[in-house]
Amino acid sequence: MDRQPLTRGTPPGPRVTTQDLDASPLRRRRHAVAGVLSAALVGIGALAGCSSGQSASSVASQAASAVAKGASAAASAASALASAAGGAGSALASVAGGAGSALASVEARASEAVSSASSAVAGIKGGLDAKGDVTVGAVTTGTDNKEQVQLTVTNHGQQTYRYVIQVNFTDESGKVVDATAVTVQDLAAGQSVQAAARSNRELSGTVKAEVANAIRY
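Cut-offs applied
Residues numbered from 1 in each chain as written. Predicted model: local features only at pLDDT ≥ 70, side-chain atom pairs only at ≥ 80, totals over all residues. Heavy atoms only, no water. Salt bridge = Lys/Arg side-chain N within 4 Å of Asp/Glu carboxyl O. Helix = DSSP H or I, 4+ residues; strand = E, 2+ residues; numbered from the N terminus. Buried < 20%, exposed > 50% of the residue type's maximum accessible area, 1.4 Å probe, protein only. Pairing = 2+ DSSP bridges. Axes fitted to C-alpha atoms, helices over the stretch in contact; angles between N-to-C directions. Phe/Tyr/Trp six-rings, centres within 6.5 Å; stacked < 30°, edge-to-face > 60°. Lys NZ or Arg CZ within 6 Å of the ring centre and 35° of its normal.

## Description of the pattern of salt bridges
- In this structure the tally under the stated criterion is four salt bridges.
- For R216, the salt bridge goes to D133, with nearest N and O atoms at 3.0 Å. Of this pair, R216 sits in strand 7 (residues 208-216) while D133 sits in the loop between strand 1 (128-129) and strand 2 (134-141), and the two are 83 residues apart along the sequence. Each member of the pair, R216 as well as D133, carries the same accessibility label: buried.
- The salt bridge involving D186 is made with R162; its shortest N-O contact spans 3.0 Å.

## Here's the deal with the sheet that holds strand 3 (residues 146-154)
- Sheet architecture is open: three strands sit in the order 2-3-6, paired in antiparallel fashion. Single-partner strands in this sheet number two, and they are strand 2 and strand 6 (192-202). Strand-to-strand, the axes of this sheet are offset by a mean angle of 20 degrees, without reference to chain direction.

## As for the packing of aromatic side chains
- If you walk through the whole model with that rule in mind, you get zero aromatic pairs.
- Its end group placed over the ring of Y161, R216 keeps NZ or CZ at 4.7 Å from the ring centre.

So, in structure tokens, the structure goes:
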């Protein structure tokens, strides 16, 4: 019996199967095609729905109308908002203007009071400086809500004198907010007397008092 010699040939190559054809790139393409077909079916269904009820042109017309109405409502809202903002700005400007006018009025009255008190002192001819004869107490608020302060006037001279004293009321910053003039009649030498200085109007905040000027004559 003849024996055929054994030979080592090249191993057979891999077999190509249907599974191999369904590789990742091809699978992605199939999925994409399926997606396109699904979208097409959905579109066809939508068109069918339109044709069963309304025409596509009618639906488009209604959609455009709704969009136009929405845009008009948005424009109206924007206009109302702008109008409200303008009104708020005008109101704010009016309040600021009113506050400015009130502040100017307060400053004008303070200036007028200082001028009047200064004139009362300046009107004394031949008087002597007497600020050293006057001491100032604490400022209190009276029953009429006006500020008042007690002055102690002591005649350090050698004869009887009359006094005219200018008292300034100041705020925390030292700004003069009111002023008044106090008169003391015929104070004998070496004697002391109490006198009250009262503000011309109600003052707010922390108020202090100081002797701006004092004359004895």
